[in-house]
Amino acid sequence: MCFWLGLENMRDKVSGAQRWVVKIGSALLTADGKGLDRGAMAVWVEQMVALRAQGVELVLVSSGAVAAGMSRLGWTARPSAIHELQAAAAIGQMGLVQAWESSFGEHGRRTAQILLTHDDLSDRKRYLNARSTLRTLVELDVVPVINENDTVVTDGIRFGDNDTLAALVANLVEADLLVILTDRDGMFDADPRNNPDAQLIHEARADDPALDAVAGGVGGALGRGGMQTKLRAARLAARSGAHTVIVGGAIEQVLARLKAGELLGTLLVPERGMLAARKQWLAGHLQTRGTLVLDDGAVKALVSDRKSLLPVGVKAVQGSFRRGEMVVCVAPDGREVARGLVNYSALEAQKIIGRPSDEIERLLGYVDEPELVHRDNLILVQ
Ligand SMILES: Nc1ncnc2c1ncn2[C@@H]1O[C@H](COP(=O)(O)OP(=O)(O)O)[C@@H](O)[C@H]1O
Ligand SMILES: N[C@@H](CCC(=O)OP(=O)(O)O)C(=O)O
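All values derive from a computational prediction rather than experimental measurement. (Residues numbered from 1 in each chain as written. Chains lettered and ligands numbered in written order. Predicted model: local features only at pLDDT ≥ 70, side-chain atom pairs only at ≥ 80, totals over all residues. Heavy atoms only, no water.)

1. Some words on the sheet that holds strand β9 (residues 288-294)
Working step 1: Ordered in space as β10-β9-β11-β12-β13, the five strands form an open sheet in which the pairing is mixed. Each edge of the open sheet carries a strand with a single partner, namely β10 (314-319) and β13 (378-380). The average undirected angle you get between the axes of adjacent strands in this sheet is 25°.
Working step 2: Strand contacts of helix α14 (residues 296-303): β9, β12 (336-341) and β13, with the helix running at about 115° to β9, the strand carrying the most contacts. (Pairing = 2+ DSSP bridges. Helix = DSSP H or I, 4+ residues; strand = E, 2+ residues; numbered from the N terminus. Axes fitted to C-alpha atoms, helices over the stretch in contact; angles between N-to-C directions. Contact = heavy atoms within 4.5 Å.)

2. Considering the packing of helix α3 (residues 38-53) against helix α5 (residues 82-105)
Working step 1: Following both chains from N to C, one finds α3 and α5 inclined at 50°, their axes separated by 9 Å at the closest point. Comparing their axes, α5 and α3 come out oblique. In the packing of α3 onto α5, the handedness of the crossing is right-handed. For the pair α3 and α5, contact is made by Arg38, Met41, Ala42, Trp44, Val45, Met48 and Val49 and by Gly95, Leu96, Ala99, Trp100, Ser102, Ser103 and Phe104, respectively.
Working step 2: Residues that form the contact of α3 with α5 fall into these classes: 10 nonpolar, three polar and one charged. (Parallel < 35°, antiparallel > 145°, perpendicular 65-115°, else oblique. Left-handed = near helix turned anticlockwise from the far one by under 90°. Nonpolar A, V, L, I, M, F, W, Y, C, P; charged D, E, K, R; others polar.)

3. What about the UniProt feature "binding site: ATP" (unreviewed entry) in the chain?
Working step 1: Summarizing the sequence annotation, UniProt attributes the feature "binding site: ATP" (unreviewed entry) to Lys23, Thr182 and Asp183 in the numbering used throughout. Judged by maximum C-alpha separation, these annotated positions cover 161 residues in sequence but sit close together in space, the widest gap being only 12.1 Å.
Working step 2: For Thr182, the position within the fold is in strand β5 (residues 177-182).
Working step 3: Judged by its relative accessible area of 9%, Thr182 is buried.
Working step 4: Look past the residues within four positions of Thr182 in its chain and what remains in contact with it is Leu28, Met227, Lys230, Ile246, Val247, Gly248 and Gly249.
Working step 5: Looking at Thr182, its side chain comes within polar contact range of the side chain of Asp183, at 3.2 Å.
Working step 6: Tracing the backbone through its elements, the reader meets Asp183 in the loop between β5 and β6 (203-205).
Working step 7: Taking relative accessible area as the criterion, Asp183 reaches 46% and is therefore assigned partly exposed. (UniProt positions renumbered as here; feature names shortened; annotations may be inferred. Buried < 20%, exposed > 50% of the residue type's maximum accessible area, 1.4 Å probe, protein only. Polar contact = N/O pair within 3.5 Å; in protein donor to acceptor, adjacent residues only side chain to side chain.)

4. Description of the packing of aromatic side chains
Working step 1: A full pass over the atoms with the stated rule returns one aromatic pair.
Working step 2: Judged by centre distance (6.3 Å) and plane angle (40°), the rings of Trp100 and Phe104 are tilted. Here Trp100 pairs with Phe104, and both are found in helix α5, just four residues apart, close to one helical turn.
Working step 3: By relative accessible area, Trp100 is classed as buried at 0%.
Working step 4: For Phe104, a relative accessible area of 1% puts it in the buried group. (Phe/Tyr/Trp six-rings, centres within 6.5 Å; stacked < 30°, edge-to-face > 60°.)

5. Examining the domain arrangement of the chain
Working step 1: When cut into domains, the chain gives domain 1 (10-277) and domain 2 (286-380).
Working step 2: Look at where the C-alpha atoms of domain 1 and domain 2 centre, and you get two points 35 Å apart.
Working step 3: With eight residues of domain 1 at the contact, the number on the domain 2 side is 10 residues.
Working step 4: Interface of domain 1 and domain 2: buried area, both sides summed, is about 780 Å²; carbon and sulfur atoms make up 48% of it.
Working step 5: Together, Arg124, Lys125 and Leu128 form the three largest contributors to the area buried by domain 1 at its contact with domain 2, with a combined 59%.
Working step 6: For the pair domain 1 and domain 2, the interface holds two salt bridges.
Working step 7: Among the ionic pairs, Asp376 bridges to Arg131, the shortest N-O distance being 4.0 Å.
Working step 8: Summed over the shared surface of domain 1 and domain 2, the number is four residue pairs in polar contact (both at pLDDT 80 or more). (Domains from an automatic or database assignment. Buried area = accessible area lost by both parts, 1.4 Å probe. Salt bridge = Lys/Arg side-chain N within 4 Å of Asp/Glu carboxyl O.)

6. A closer look at the sheet that holds strand β3 (residues 110-116)
Working step 1: Strand order in the open sheet made by the eight strands is β3-β4-β2-β1-β5-β7-β8-β6, with mixed pairing throughout. The open sheet has two edge strands, β3 and β6, and neither has a second partner. In this sheet, neighbouring strand axes are inclined to one another by 20° on average, regardless of whether the strands run parallel or antiparallel.
Working step 2: In the sheet, β5 pairs with strand β7 (residues 243-248) via six bridges, with the strands oriented parallel. Across the sheet, the residue bridging to Leu181 is Val247, located in β7.
Working step 3: Strand contacts of α3: β1 (19-24), β2 (57-62) and β5, with the helix running at about 155° to β2, the strand carrying the most contacts.

7. Quick notes on the environment of Thr266
Working step 1: With respect to the helices and strands, the residue Thr266 is situated in strand β8 (residues 266-269).
Working step 2: Classification of Thr266 by relative accessible area gives buried; the value is 0%.
Working step 3: Spatially, the C-alpha atoms of Thr266 and Glu203 are 5.5 Å apart, while their sequence positions differ by 63 residues.
Working step 4: Ignoring sequence-local partners within four residues, the contact set of Thr266 consists of Arg11, Gly186, Met187, Leu200, Ile201, His202, Thr244, Val245 and Ile246.
Working step 5: Polar contacts involving the side chain of Thr266 include one to the main-chain amide nitrogen of Met187, which spans 2.8 Å.
Working step 6: In this structure the side chain of Thr266 is engaged in a polar contact, spanning 2.7 Å, whose partner is the backbone oxygen of Ile201.

Next up, the structure:
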């Protein structure tokens, strides 16, 4: 079976990527169940700090809470009772974030803990809230360390779904690259545990149906998802135009070498570019809930200058919508010019339209964003 795309410039997409989501699985982080592998963590941190110094924005998705908790509790076998796994995750999460915090701290870097669920990211309002927190953290030069909130959902600990969570995070922060570090060198054309002759797949299209057959098996003793969830994650990340690399976390200087354009692991390529993918996602998925009537200046700012919509350029608000819902933007003559995800509810929007953004705090008592609709969340009607 041959997946080689023969596209030499594909690795440029990896080395040129400006925003990376790096996901590290339990199998790697916990040295086969003997607690957190702090030495390995320090080596990845060193590389992530170097990437940051080269201008790469980083978000880390770290598994390992259950495994770290099991080791703190002295449990040698993974329990099957979900409530025990949840308790282990709650205990282990403390050690996990402490370890990342102190390791990044040695390089003068700060970290922040974010616990998310898939449901959080399918709810429009929570999606925008998570997005603005993460954007702000990245702007503040802090590395967000994300795990699933295992106390309130159990999919992650049942199915090893942190791969999917990492892909959803890649969509959320509009990453151009998702790097999934695992205990194998990448995706092989058969499960290497049972097939010693299995060959590493270097490159493939994320949507190639032939990959389903090779990613069939489930994961190891600590990790749970195996290649299946990694492939699903790559496909999800591809929906917002991100490339995915599945690669061995133990490979020496793995992140630094990927940045240098070296051919490591398995590169899964999206079918569409980032902007086209995001606009298609916006266009396809949402019902509209209201209308914003713009003045001529705002129409020009959106259509000719490709800017965000600020409250100052809106003359009227129609309909009833909440933060995160889709609204239609019309010109003074009623012609639709764009649609997008709105940052404020209809009631809030009523209070801030026609006003400069620096007055939002005085008018509402808080500020979510200076824009009413951010240009990344806006599709122009051609
Ligand atoms: N085609 C394949 N190529 C590589 N690994 C595979 C494949 N199919 C199944 N696997 C298994 O997936 C495991 C990695 O997944 P998992 O245990 O969930 O790790 P992680 O904790 O890193 O998410 C590997 O150890 C490997 O045995
Ligand atoms: N939230 C869980 C992650 C579940 C899991 O097994 O994920 P992974 O090792 O990435 O396949 C934990 O931190 O233990």
